[in-house]
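# Structural overview
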Amino acid sequence: MYYIALKMLMGDRSKYFGMVMGLTFASFIMTQQPAIFTGIMARTFSFMTDLGQPDIWVMDPKVQFIDDIKPMQDTQLYRVRGVEGVEWAVPLYKGLLKVRLENGNFQTCIVVGLDDATLIGGPAVMVQGRLEDLRRAEGVIVDSDGARTKLAKAPATPGGKPVPLQLGDVLELNDRRATVVGVAKVTRTFQSQPVIYTTYTRAIGFAPRERKLLSFVLVKARAGEDLKALTVRIRNATGLAAYTREEFKMLTVKYFMKNTGIPINFGMAVLLGFIIGAAVAGQTFYNFTLDNLRQFGVLKAMGTSNATLLRMILLQASVVGSIGWGLGVGAAALFGYVFRDGVLAFKFPWQLLVISGGAVTLICIFSAMISIQKVIKLEPAIVFKT
Amino acid sequence: MANEIRETEFCAGEAEKLAVQCHGVTKAYGTEEAKIMALRGIDLEVRMGELMMLVGPSGCGKTTLISVIAGILDQDDGVCCVYDHDMLRMSSSEKIGYRARNVGFVFQAFNLLPALTAAENVAMPLIINDMKRTEAVARAGDMLARVGLDSRLDALPAELSGGQQQRVAIARSLIHGPRLVVCDEPTSALDHETGQKVMELLRNVALAEDRALVIVTHDARIFSFADRIARMDDGRIERVVNSPTELSM
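These numbers were taken from a predicted model, which means no experiment stands behind them. Residue numbering note: each chain is counted from 1, following its sequence as written. Chains and ligands are labelled by the order in which they are written, letters from A for the one and numbers from 1 for the other. This being a predicted model, a pLDDT of at least 70 is required before a residue's local features are given, and a value of 80 or more before pairs of side-chain atoms are given or counted; all residues contribute to the totals for chains, interfaces and linings.

### A closer look at the overall build of chain A
Think of it this way: any DSSP run of H or I at least four residues long counts as a helix, any run of E at least two long counts as a strand, and we number them from the N terminus. A tally of helices and strands in chain A yields 12 helices and 10 strands. By the compact-globule yardstick of 21 Å for 386 residues, chain A is too spread out, its C-alpha radius of gyration being 29 Å. By its C-alpha atoms, chain A is 95 × 60 × 30 Å across when sized along the principal axes. Here a residue counts as buried when 20 or more other C-beta atoms fall within 10 Å of its C-beta, as exposed when 12 or fewer do, and as partly exposed in between; the C-beta atoms come from the backbone. The proportion of buried residues among the 386 residues of chain A is 42%. Any pair of residues counts as being in contact when their C-beta atoms, constructed from backbone geometry, are within 7 Å of one another. Partitioning the intrachain contacts of chain A with sequence separation of at least 6 by distance along the chain shows that 81% fall at a separation of at least 24. Taken over C-alpha atoms, the radius of gyration is set against a globule rule of 2.2 Å times the number of residues to the power 0.38.

### Notes on the interface of chain A and chain B
Taken together, the contact between chain A and chain B spans 19 residues of the former and 24 residues of the latter. Those elements giving two or more residues to the side of chain A that touches chain B turn out to be α1 (2–11) and α10 (293–301) of chain A. Take the side of chain A that touches chain B: its biggest share by element is five residues, from α1 of chain A. Amino acids are sorted into nonpolar (Ala, Val, Leu, Ile, Met, Phe, Trp, Tyr, Cys and Pro), charged (Asp, Glu, Lys and Arg) and polar (every other residue, Gly among them). Looking at the side of chain A that touches chain B, its residues break down into 11 nonpolar, six polar and two charged.

### Looking at the sheet that holds strand β10 (residues 236–241) of chain B
Residues and elements named next belong to chain B. Read from one edge of the open sheet, six strands run β6-β7-β8-β3-β9-β10, paired in mixed fashion. Two strands close off the open sheet at either side, each with one partner strand: β6 (103–106) and β10. Across the sheet, the mean angle separating the axes of adjacent strands is 20 degrees when strand polarity is ignored. Bridge count between strand β3 (residues 51–55) and strand β8 (residues 212–216): four bridges; the pairing is parallel. By the bridge assignment, leucine 51 is partnered in β8 with leucine 213. In this analysis, strands are considered paired if DSSP registers two or more bridges between them. To get an axis, a line is fitted to the C-alpha atoms, and for a helix only the part in contact is used. The angle between two axes follows their N-to-C directions and goes from 0 to 180 degrees.

### Overview of the environment of lysine 212 of chain A
As for its placement among the helices and strands, lysine 212 of chain A is situated in the loop between α6 (200–206) and β9 (216–221). For lysine 212 of chain A and lysine 70 of chain A, which are 142 residues apart along the polypeptide, the C-alpha to C-alpha distance reads 8.8 Å.

### Topic: the pairing of strand β7 (residues 180–184) of chain B
Residues and elements named next belong to chain B. A large share of β7 lies buried, amounting to five of its five residues. Residues Leu180, Val182 and Asp184 line one face of β7 and the alternating positions Val181 and Cys183 line the opposite face, and both faces are buried. Where β6 meets β7, four bridges bridge the pair, whose relative direction is parallel. Considered in β7, the bridge of valine 103 is made with leucine 180. Sheet topology note: the β7/β8 ladder contains five bridges and is parallel. Following the sheet pairing, valine 181 is matched in β8 by leucine 213. Looking down the strands as they point away from you, a crossover is right-handed if its path from the first strand over the helix to the second goes clockwise. The handedness of the β7 to β8 crossover, carried by helix α7 (residues 192–206), is right-handed.

### Observations regarding the sheet that holds strand β5 (residues 85–86) of chain B
Adjacent strands of a sheet form backbone hydrogen bonds with each other and so pair up, either parallel or antiparallel. All names here are of chain B. Taking strand neighbours across the sheet as the criterion, the four strands line up as β2-β1-β4-β5 in an open arrangement whose pairing is antiparallel. Pairing within the sheet leaves two strands with one partner each, and these edge strands are β2 (36–47) and β5. Here strand β1 (residues 18–29) pairs with β2 via nine bridges, running antiparallel. Bridging across to β2, valine 20 finds its partner in valine 46.

### Concerning the domain arrangement of chain A
The assigned domain composition of chain A is domain 1 (2–43 + 261–384) and domain 2 (73–239). Each of domain 1 of chain A and domain 2 of chain A has a C-alpha centre, and the two are 48 Å apart. Domain limits in this description derive from either an automatic procedure or a database domain assignment.

### A look at helix α4 (residues 118–128) of chain B
By the criterion of burial, α4 of chain B is predominantly enclosed, with 11 of the 11 residues buried. Every buried residue belonging to α4 of chain B is among Ala118, Ala119, Glu120, Asn121, Val122, Ala123, Met124, Pro125, Leu126, Ile127 and Ile128 of chain B, and all of these are buried. The inward-facing, buried residues of α4 of chain B contact α1 of chain A together with α3 (92–102), α5 (133–146) and α6 (162–174) of chain B. A positive backbone phi angle near 75 degrees is found at aspartate 130 of chain B, which sits one or two residues after α4 of chain B.

### Points about the nonpolar core
In this description, a nonpolar core means buried residues of the types Ala, Val, Leu, Ile, Met, Phe, Trp, Tyr and Cys, linked to one another by C-beta atoms lying within 7 Å. Within the largest apolar cluster, 127 residues are counted, with the highest numbers of intra-cluster contacts made by Val20, Ile69, Val122, Val182, Leu213 and Val214 of chain B. Top contributing element to this core by residue count: helix α2 (residues 13–44) of chain A, with 11 residues. Apart from residues no more than four positions distant in its own chain, valine 214 of chain B is found in contact with Val20, Val46, Met52, Leu54, Ile66, Ile69 and Val182 of chain B. One finds Leu77, Val99, Leu134 and Ile141 of chain A within the second-largest nonpolar core, a separate group that totals 56 residues.

### Describing helix α2 (residues 62–70) of chain B
Taken across its nine residues, α2 of chain B has nine buried, putting it largely inside the fold. Of all the residues in α2 of chain B, the buried ones are Lys62, Thr63, Thr64, Leu65, Ile66, Ser67, Val68, Ile69 and Ala70 of chain B.

### What to know about the environment of aspartate 227 of chain B
All names here are of chain B. Summarising the element assignment, aspartate 227 is placed in the loop between β8 and β9 (228–233). The class of aspartate 227 is partly exposed, set by 17 C-beta atoms lying within 10 Å. Aspartate 227 sits 42 residues away from glutamate 185 along the chain, and the two C-alpha atoms are 17 Å apart. Apart from the residues lying within four places of it in its own chain, the contact partners of aspartate 227 are Glu50, Leu51 and Met52.

### Comments concerning the packing of α2 of chain A against helix α12 (residues 350–377) of chain A
Residues and elements named next belong to chain A. Viewed as axis vectors pointing N to C, α2 and α12 meet at an angle of 150 degrees, and their least axial separation amounts to 10 Å. Here α2 is positioned roughly antiparallel relative to α12, judged by the angle of their axes. For α2 against α12, the interelement crossing comes out right-handed. Here Leu23, Ala26, Ser27, Met30, Thr31, Pro34, Ala35 and Thr38 of α2 come into contact with α12, specifically with Leu352, Ser356, Ala359, Val360 and Ile363. The residue inventory of the contact of α2 with α12, partitioned by class, reads nine nonpolar, four polar and no charged. Should an angle lie under 35 degrees it is considered roughly parallel, over 145 roughly antiparallel, and from 65 to 115 roughly perpendicular; all remaining angles are considered oblique. The crossing is said to be left-handed when, going from far helix to near helix, the turn is anticlockwise and less than a right angle, and right-handed when the turn is clockwise.

### A word on the confidence of the model for chain B
Residues and elements named next belong to chain B. Averaged over every residue, the pLDDT of chain B is 84; the share at 70 or more is 92%. Each residue carries a pLDDT score, the predictor's confidence in it, ranging from 0 to 100. A low-confidence stretch, residues 1–7 stays under pLDDT 50, and its non-local contacts, those more than four residues away or across chains, total two contacts. Overall fold confidence for the complex sits at a pTM of 0.72, while the interface term, ipTM, reaches 0.84.

### Structural notes on the environment of isoleucine 355 of chain A
Within the fold, isoleucine 355 of chain A resides in helix α12. Between the C-alpha atom of isoleucine 355 of chain A and that of proline 34 of chain A, which follows or precedes it by 321 residues, the distance is 9.9 Å.

If you want it as structure tokens, here you go:
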């Protein structure tokens, strides 16, 4: 009977196509929108993701997320280094500074100051130059996206393409001269601002004069050290906040979830996709059942039980659901692939597949339930009516 | 209890070669003021090996009566036994199983499943009775050969003429060897010549010693194919005759 159910389903091509398209649309929206949401959320902590080496981030206790810089005194670095279980600890400067461009315009950039001695926290992938070149006078490394777009030089001819920053080009940070010694591949940040790397000493030289300039202390734990226990020890010894990398990521994500309209906006889009998908698929599937009511009546008259008809309808719903979900998820993945190098944030973890699959299953069950009711109540004597 | 004994005794008619026995069958649609009496106490017997036609004007209750006989509609009162089985006393699942094994249907509008081929349509009753699809379709091919459609096994209903579709429907109604075949206006959607051929087919292929055919029709041109004709009017059997000429007397 399952074969019959499938042939009935695919016999009416237009309705079959309509149902599959409805579910494809729903799956696409329910996957693509959360993938963009996840991508945006991942960008909020992309700076931490790029800084792979440190186990623990130490900061002012009032810091709420990665961009919420509350500078500390430089002496805090030595207090952290003195905590039992710390393998090494290095300073990190992170701040927003204005860069004066060649055409006189200003562009706000994220300036990252790395430990002068070790350059820990530097970009992992260099497109041009080397990380060590930061030790050269006035040396800065710019991120490749920034170099190509927001920091690019004016076109050589009017209406032409902007010229990307090259090695040797000069920038002006807070009235101080900086020379590009490298271009690096960096994960885009939440605000999509260009990122400029330099040494810690040079960074605090670029920054406006303040008593406190140390943004974070990056800590590597000794081998075998319990990270949770170490964060507690650092807190107790210094009075500062200390988080493992994952904890700090979650702190940042929670801040954005709680204090921005992003989750609501994306949640609405996902909900809309679910409702429209359910409505389209439910309505089309119901119409399909109504159109086939006489056929179900014939099967019932000929001795097909309600349980068998129920299984047939569930199979039909599962098939359109699976195909629609597959196409929708595939389209969302293709979408992410096509825009992988653009400004669009897109992250597609496996959990999204499970969630959208679950949502499509709900839609299919809902659609099948409406149809099943109609078929169960159907009087087989309908077959004698013309 | 007394009623139960009476019904049981009433249903013991197979020894008398009776396929269908109806006694005092009533059926109403709607309730109270909107109540319409479709059957007003039907008494009817159909013998094994007999082709019985139910005739009468539209709305006289013919279709309701074959629905009750076929076990797809429950009567309100009275007893209707098919091969000694009182359908009203069966559970829903027993009735479904009984229908699947013992009843064949031929409809006015053919009611073939449009997405299935002729062979698959014919195989349906066997598949419903849990036979494997490949085996059922193979047997359907033999059955279609008996109705002269062995060259159209893979044709979809839309690719067949009305007469061919009805032949497929007849093959479908017979493939599982039912003991009762009910036909609702099997020729009314067909031209005269095709209608005659379909009736010849029903008489020659469907009728058997242990099988009864009940055909509802108002097509007087096919009355001659009947063994007996029951004339109905206003929910009652007016008379049962042995030949069409007796009807007009």
